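Notes for the structure review
Spelled out from the first residue to the last, the chains are:
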Amino acid sequence: MLNLNVGILGHVDSGKTTLAKALSGIASTAAFDKNPQSQQRGITLDLGFSALQVPLPDHLRTADDGGANDGLLQYTFVDCPGHASLIRTIIGGAQIVDMMVLVVDIGKGIQTQTAECLVIGELTCQRMVVALNKIDSVDVDKRVKVIEKMKKGLATALAKTVFVGSPIVEISASGGINLEKFVEVLIQHSIVPLRNYKMPFLFAVDHCFAIKGQGTVCTGTVLQGSIKLNEDVEIPKLKLVRKVKSMQMFKQSQQEARQGDRVGICITQFDPKSLERGLLCKPGYISDIYAAVLRLNIIKYYKGPLKHKAKFHLTCGYETVMATITLFKGSGTDFTVCEQYEFLEELDQSSIDEMVPVFALLEFERPIQAVPNALVIGSRLDIDIHSNSCRLAFHGHLAYSCVDKEYSTTFLPQLQIYKEKQKVGSVQRVVNDMELIAAGLFKKEGSNRTAFVGLKVKLSTGENGVIEDTFGATSKVRLRFMQPLHESTLERLKCKRPSEQPTVMVKYKKFLFKKGTNKIVQ
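Residues numbered from 1 in each chain as written. Predicted model: local features only at pLDDT ≥ 70, side-chain atom pairs only at ≥ 80, totals over all residues. Heavy atoms only, no water.

A short note on the layout of surface pockets
Empty space within the largest pocket amounts to approximately 1300 Å³. The greatest single-element share of the lining of the largest pocket, amounting to four residues, is contributed by strand β9 (residues 215–224). Classifying every residue of the lining of the largest pocket gives 23 nonpolar, 15 polar and seven charged. (1 Å grid on protein atoms, 1.4 Å probe; cavity = no way out; pocket = protein on both sides within 12 Å on 5 of 7 lines; lining within 4 Å. Points joined across faces, edges and corners; volume = space filled by probe spheres on them. Helix = DSSP H or I, 4+ residues; strand = E, 2+ residues; numbered from the N terminus. Nonpolar A, V, L, I, M, F, W, Y, C, P; charged D, E, K, R; others polar.)

Right, dumping it as structure tokens:
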């Protein structure tokens, strides 16, 4: 069958789990808030999975899906939490979906987490259906007018997103109103997602549990490639390779699982407590990543600036880790180690130039496991969850990954990020018409003046020279000029009024990660 993963997202208490339960014909072991804590608190705390099977519609039968269907379309619903404190779980769940359902409470409209879910959806999928829920909470005589007003407001909000024109269906998940219409719209709006079954196998694990006498079952979604019974898989977080003993898709045994499938994979000799969430993959496909570079895109709703050495929560798949950022910009759209990049102290909406690519060096507090080109979302989860501020700051795909634990001594010195610098000094003494002694170019005695020897300098009167040598034990340097200085310049140098004295200027690049004389170039 053709399987589509549909994320159900929205603000807390908008009715997401009720909708998933109303739509689904098949439930997994992790569906509908079976977690005791979820039942006690009355909110979704973890990802829930359930499914609905319908006849494959005609508009999907002719699509090239690699022969994956035999007349059935299965929707696997990913019921995401709505509470603000669980945003990292929401991000992780959204990264495995093909399309999304945004649930909006008709009595509350778009709330803070509704907006955040919209942003996450924009980064992870291209199709969306809006469920305008709880219409039975509106008086019957006012219902049509309220629905029309809310639909108009939602359409206006969506006009600024990639989901412009998405269908909005008024429903009551608890009352069973318009659910058949909602499923019809969902089917009409479905497409066959792009699949690549030939890529190395990659599987996002969202739950693990043991079955006595059989082994450990890892439930999750195949992100790319395929896997068959008795093939080896690696658990990169634990550095373990195990054989696939059996597989099931919603209680139906499977011989093979392919990209997009929601399956349970049973493997032996593996403690489920050691992997709450994570990845399975083809052996040797994934390494620990200690630092990375990504092409950075700032999220338009984020109000604060991104500053050098600031710390953000980086979410990649189900992993969230703190990372320190270094910002820089270049001319090419793709990152290469051999190119020079200009350092950025900070970046905000007002300083973005769409024509100039911005990159970020991410230094993780602990290593993560990720594949090349993986989506990364940067956020500030320390912002008060009761504020109206968007906590999602930036996103991008990994352009370069450092798998060397000693990357600070092996990779960073190769990274050519520079600051534009300028120093201005004064002429202390005229030696002759081609040689001067300058002071004030360096802040204090004992500075590394030898790194500047050979650099070009320019007088405010226009003559060009070079720093030929250091001079004495102070911060003075000797300047030599290509041509004899003009008579007018020499006259001004003799002037005792400081305001009329020519100044000396040196412009150069100072590289962040290089050492010694290699750090200073022009």
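Things to note about the packing of aromatic side chains
By the definition in use, this model includes 14 aromatic pairs. Both rings, one in Phe201 and one in Phe203, keep their centres 6.1 Å apart while their planes meet at 20°; by these two values the pair is stacked. As far as burial versus exposure is concerned, Phe201 and Phe203 are alike and both buried. Seen in terms of ring centroids, Phe328 and Tyr341 are 5.2 Å apart; in terms of plane orientation they differ by 65°. Their pairing is edge-to-face. Within this pair, whereas Phe328 is found in strand β21 (residues 319–329), its partner Tyr341 is found in strand β22 (residues 341–344), the two being separated by 13 residues in sequence. As far as burial versus exposure is concerned, Phe328 and Tyr341 are alike and both buried. These aromatic residues form a ring-pair network of at least three members: Phe328, Phe335, Tyr341, Phe359, Tyr400 and Phe411. When the ring centre of Tyr318 is taken as reference, the NZ or CZ atom of Arg277 above it lies at 5.4 Å. When the ring centre of Tyr418 is taken as origin, the NZ or CZ atom of Lys509, which lies over that ring, is 4.5 Å away. (Phe/Tyr/Trp six-rings, centres within 6.5 Å; stacked < 30°, edge-to-face > 60°. Buried < 20%, exposed > 50% of the residue type's maximum accessible area, 1.4 Å probe, protein only. Lys NZ or Arg CZ within 6 Å of the ring centre and 35° of its normal.)

Thoughts on the environment of Ile265
Its location among the elements puts Ile265 in strand β15 (residues 262–267). Ignoring anything within four residues of it in the chain, the contact list for Ile265 reads Phe201, Phe203, Thr216, Val217, Cys218, Ile227, Val244, Ser246, Met247 and Leu280. (Contact = heavy atoms within 4.5 Å.)

Thoughts on helix α1 (residues 16–23)
All of the buried residues along α1 are Lys16, Thr17, Leu19, Ala20 and Leu23. In an axial view of α1, the angular spread of the buried residues amounts to 160°, which keeps them on one side of the axis. Residues of α1 that are buried in the fold lie against β1 (2–10), β3 (48–55), β4 (72–79), β5 (99–105), β6 (128–133) and α7 (179–188). (Arc of directions from axis to C-beta.)

Considering the confidence of the model for the chain
Residues with a pLDDT of 70 or more make up 90% of the chain, whose mean pLDDT is 88. Mean pLDDT values over the elements of the chain span from 38, in helix α2 (residues 36–41), up to 98, in strand β7 (residues 168–170). For the stretch residues 28–46, pLDDT sits under 50, and the model shows 43 contacts to residues farther than four places along the chain or on other chains. Residue range residues 82–86 is modelled with pLDDT below 50. Its contacts to residues more than four positions away, or to other chains, number 17 contacts. (pLDDT = per-residue confidence, 0-100.)

Some words on the pairing of β3
Here β3 lies mainly inside the structure; six of its eight residues are buried. Sheet topology note: the β3/β4 ladder contains eight bridges and is antiparallel. Looking at β4, one finds that Pro55 is bridged to Leu72. (Pairing = 2+ DSSP bridges.)

Concerning the side chain of Gln259
Mapped onto the fold, Gln259 is located in the loop between β14 (256–258) and β15. If we skip the residues at most four places from it in the chain, Gln259 touches Leu194, Arg195, Asn196, Tyr197, Val222, Leu223, Gln224 and Gly225.

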